[in-house]
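# Structural description and commentary
Okay, here's what each chain looks like letter by letter:
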Amino acid sequence: MKKSRFITGFSKFLFYVRMSLVCAWRFRSIPVLWKAGKFTGVFYKHKLLKLGTGEYKLDFYMPRYPSEAFFTAMADKLTARPPRPVSVVWSISKACTYRCPHCYQGHDPAKEMPLEQMKQSVRELCRSGVAAWAVEGGEPLLRFERLEALLEETKGLEVWVNSTGHSATPEKIARMKELEVTGIMSSIHSVDPAAHDAFTGVPGSFETALNFLRDCREAGILIGFNTVLTDDQIIAGEIDRIMALAAENQCDYIQLIHPKACGKWGGCNFDTARHEEAVRIACEAQKRYNSSAEKHAPILTAQVFEESEEMLGCTAGGIDRFYVGCSGEVQPCEFVNISFGNLQEEPYERIYERMRQAFPIPSCEWLCCAHAEEISAAVAANGGKTPLPWEQTKELIRDWKCGKPTPVYERMGIYR
């Protein structure tokens with residue numbers, strides 16, 4: 001695979017014009033042209049990533065263009081009624097040797113779905129239109145037979161694997177490439193190796209991650225960092241240091257995640273005194289690193305910007321995405337420790353419909369923040385186990401209200 005390159009300016013404008021026309025032709029509809037322009041217009045704020053295959057990445061969370069997965073995702077939003085979710089985060093196992101203090105599945109059951117049942121559920125989701133997959137553990141490379149089985153079912157779709165690199169081998173990397181994994185994300189939470197290793201609880205984990213990403217890049221797989229930074233770290237300039245490290249390691253993407261009061265951090269009261277300043281800095285950094293001024297830098301994807309009113313808002317709950325834990329529990333997202341049912345006990349469509357009734361329209365309110373205290377209290381009353389089972393979830397969410405509708409989806413008029 002040839003070296004990826006980033007596209008900005010007039011060349012990016014021409015690409016978007018051509019892409020919108022292709023979508024209109026593909027779906028034989030002038031209204032679709034208008035809606036495609038509205039939907040993809042939010043991604044215009046990003047740099048384009050051109051792949052060696054001749055395909056393009058508009059957005060970290062969208063399948064590459066012009067793959068079939070991309071057009072499936074567009075059909076999910078432009079022609080399906082009601083609209084369908086584009087992506088899922090799927091945990092295949094809780095097996096992990098790391099001891100990260102923020103793990104959002106730290107109190108989840110370790111029981112795994114039987115392999116054949118997992119494959120059947122994956123096929124169900126694929127048939128329903130889920131085109132973008134983030135596959136994780138625990139550490140997925142520790143349960144490689146399960147990872148391999150899932151990748152065989154999702155071959156040809158947009159698939160990213162979240163891995164620390166622990167237990168990686170050249171054979172495993174080659175097999176992931178053969179099964180058409182799009183990209184690999186590894187957690188890097190500090191540019192200081194000692195600080196990173198202290199966070200994971202595993203000496204050498206910093207070098208393990210960087211060496212793994214290097215090997216994946218050399219195999220022709222896209223690479224990036226998953227990074228959690230506190231408000232204080234952001235204000236102290238840590239984003240620029242992380243971006244410099246990512247550029248040095250030839251990363252394609254950096255996903256910046258703000259701390260969430262869920263999982264092992266459930267019940268935590270983060271100091272929000274400087275939060276607004278940190279959000280402002282993160283949003284400005286995203287705009288700068290996606291501009292012509294930083295044409296050769298990796299693409300920064302900050303959740304506080306991606307989930308803002310300016311973009312798509314919070315898309316959890318089956319709007320654009322949802323989460324499936326290794327035991328089969330279906331959650332609105334990985335950072336919201338409540339379940340709408342278990343795939344070992346009920347069909348996906350029934351669970352999905354239940355979740356969509358609870359979250360009928362896209363909203364600018366972040367579920368993981370707005371309801372963190374309620375969820376933590378309910379989880380504590382349930383013995384501290386996550387996620388909260390459906391019977392308790394049903395009572396918890398009874399009086400929840402959707403927040404302010406996401407402007408772009410409101411303009412598209414596809415949610416009624």
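This text goes with the structure placed above it.
Here we summarise the structure given alongside this text. (Residues numbered from 1 in each chain as written. Predicted model: local features only at pLDDT ≥ 70, side-chain atom pairs only at ≥ 80, totals over all residues. Heavy atoms only, no water.)

Scanning the chain from terminus to terminus reveals 17 helices and 12 strands. At 20 Å, the chain has a C-alpha radius of gyration in line with the 22 Å of a compact globule built from 416 residues. Dimensions of the chain along its principal axes, counting C-alpha atoms only, are 55 × 50 × 50 Å. Taken across its 416 residues, the chain has 58% of its residues classed as buried. Partitioning the intrachain contacts of the chain with sequence separation of at least 6 by distance along the chain shows that 73% fall at a separation of at least 24. Put simply, the chain shows about 16900 Å² of open surface, and 54% of that area lies on carbon and sulfur atoms. The average position of the 50 basic charges and that of the 52 acidic charges among the side chains of the chain differ by 6 Å. (Helix = DSSP H or I, 4+ residues; strand = E, 2+ residues; numbered from the N terminus. Rg over C-alpha atoms; globule rule 2.2 N^0.38 Å. Buried < 20%, exposed > 50% of the residue type's maximum accessible area, 1.4 Å probe, protein only. Contact = heavy atoms within 4.5 Å. Areas by Shrake-Rupley, 256 points an atom, 1.4 Å probe, with all protein chains shown as cover. Lys, Arg positive; Asp, Glu negative; His and termini not counted. Charge placed at Lys NZ, Arg CZ, Asp CG, Glu CD.)

Time to look at the packing of aromatic side chains. Pairs of aromatic rings are described using the distance from one ring centre to the other and the angle between the two planes. The tally for this structure, following the rule as stated, stands at 22 aromatic pairs. Ring geometry for Y65 versus F70: centroids 5.0 Å apart, planes at 85°, classification edge-to-face. No difference in accessibility class separates Y65 from F70, as the two residues are buried. Taken together, a centroid distance of 5.8 Å and an interplanar angle of 65° make the contact between F340 and F359 edge-to-face. Residue F340 is located in the loop between β12 (330-331) and α13 (348-358), and its partner F359 is located in the loop between α13 and α14 (367-370); the two are separated by 19 residues in the primary sequence. For the pair F340 and F359, one class covers both residues: buried. The lysine or arginine in question, R26, covers the ring of F71, its NZ or CZ lying 4.2 Å from the ring centre. (Phe/Tyr/Trp six-rings, centres within 6.5 Å; stacked < 30°, edge-to-face > 60°. Lys NZ or Arg CZ within 6 Å of the ring centre and 35° of its normal.)

So, about a nonpolar patch on the surface. A cluster of nonpolar side chains, F10, F13, L14, V17, L21 and Y44, forms an exposed patch at the surface whose accessible area comes to about 550 Å². Residue position: V17 is located in helix α1 (residues 9-27). With relative accessibility at 38%, the residue V17 sits in the partly exposed group. (Patch = residues over 30% accessible without salt bridge, like charges linked within 9 Å, V, L, I, M, F, W, Y side chains within 5 Å. Salt bridge = Lys/Arg side-chain N within 4 Å of Asp/Glu carboxyl O.)

Close approach of charged atoms lets side chains of opposite charge pair. The tally for this structure, following the rule as stated, stands at 28 salt bridges. Of the charged contacts in the structure, one is a salt bridge between R354 and E346, with a shortest N-O distance of 2.7 Å. Across the pair, E346 and R354 agree in class, each one buried. Look at the salt bridges and you will find they share partners, linking E55, K57, R64 and E158 into a network.

Scanning all chains against the criterion turns up zero disulfides. In this model C333 remains outside any disulfide bridge; the closest cysteine sulfur is found in C368, 5.7 Å from its own. With relative accessibility at 5%, the residue C333 sits in the buried group. (Disulfide = S-S within 2.5 Å.)

Below, the discussion takes up the sheet that holds strand β3 (residues 56-57). The strands making up a sheet associate through backbone hydrogen bonding, with each pair oriented either parallel or antiparallel. Across the sheet, three strands lie side by side as β1-β2-β3; this open sheet has antiparallel pairing. Two strands close off the open sheet at either side, each with one partner strand: β1 (5-7) and β3. Looking at chain direction, β1 and strand β2 (residues 48-50) are connected through three bridges and run antiparallel. Bridge assignment links R5 to a residue of β2, and that residue is K50. In the packing of α1 onto the sheet, the strands contacted are β1, β2 and β3, and the crossing angle to β2 comes to about 85°. (Pairing = 2+ DSSP bridges. Axes fitted to C-alpha atoms, helices over the stretch in contact; angles between N-to-C directions.)

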